[in-house]
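Survey of secondary and tertiary structure
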Amino acid sequence: MSFLFGGGGRPQPSSAEKIAAAEAEIEMVSNMFNQLVDTCTKKCIPNLYREADLNKGESVCLDRCVAKFFEVNVKVSEKMQGEAAQRQGGAMGGGGGGSMFG
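Let me begin by describing the structure that accompanies this report. Everything numeric in this text was worked out from a predicted model, so none of it was measured. (Residues numbered from 1 in each chain as written. Predicted model: local features only at pLDDT ≥ 70, side-chain atom pairs only at ≥ 80, totals over all residues. Heavy atoms only, no water.)

With that settled, consider the side chain of E58. When you line up the elements, E58 lands in helix α2 (residues 56-91). Buried charge without a salt bridge: E58, with R50 as the nearest opposite-charge side chain at an N-O distance of 6.3 Å. Aside from chain neighbours lying at most four places away, what touches E58 is C44, P46 and D53. (Helix = DSSP H or I, 4+ residues; strand = E, 2+ residues; numbered from the N terminus. Buried < 20%, exposed > 50% of the residue type's maximum accessible area, 1.4 Å probe, protein only. Lys, Arg positive; Asp, Glu negative; His and termini not counted. Salt bridge = Lys/Arg side-chain N within 4 Å of Asp/Glu carboxyl O. Contact = heavy atoms within 4.5 Å.)

Shown next, in the form of structure tokens:
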């Protein structure tokens, strides 16, 4: 009887599907972190270590690299979500406000 109260519109994901989605998200975040570490380490830290700790220049470089990495990641994500929304809207016959009454 759940179809009478709005429960039949879209099937709920099973427990296995939820676990698979969580695993995929963890893998995606891990890959992004590893890419961040690799990119910023190659850019900011020389291969020959002279000191045990980061010097001021290396620290500032890493800070800026991480900030830029996340800024670009957000911009790319927003762009991809916008394009996916446009494709989904276009596939449903909708567009940019060209409705029958507007």
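Once you've had a look at it, read on.
Before going further, it helps to spend a moment on the layout of surface pockets. Gaps left between atoms show up when a probe the size of a water molecule is rolled over them. Its volume calculated, the largest pocket comes out at about 170 Å³. For the largest pocket, the full set of lining residues is I45, P46, L48, Y49, R50, E51, A52, D53, L54, N55 and E58. Split by residue class, the lining of the largest pocket holds six nonpolar, one polar and four charged. (1 Å grid on protein atoms, 1.4 Å probe; cavity = no way out; pocket = protein on both sides within 12 Å on 5 of 7 lines; lining within 4 Å. Points joined across faces, edges and corners; volume = space filled by probe spheres on them. Nonpolar A, V, L, I, M, F, W, Y, C, P; charged D, E, K, R; others polar.)

Here is the idea: a disulfide is a covalent bond, and it sits between the sulfur atoms of two cysteines. Considering all chains together, one arrives at two disulfides under this definition. The disulfide partner of C40 is C65, and the S-S distance across this bridge is 2.0 Å. Measuring handedness by torsion sign, the sulfur bridge of C40 and C65 sits at about -85 degrees and is left-handed. Linking C40 in helix α1 (residues 15-44) with C65 in helix α2, this pair joins segments that are 25 residues apart in sequence. The buried category is assigned to C65, whose relative accessible area is 8%. Across the disulfide from C44 sits C61; the S-S distance is 2.0 Å. Taking the torsion about the S-S bond as the criterion, the C44 to C61 disulfide, at about -70 degrees, is left-handed. Taken together, the residues span a long stretch of sequence, with C44 in helix α1 and C61 in helix α2 at a distance of 17 residues. (Disulfide = S-S within 2.5 Å.)

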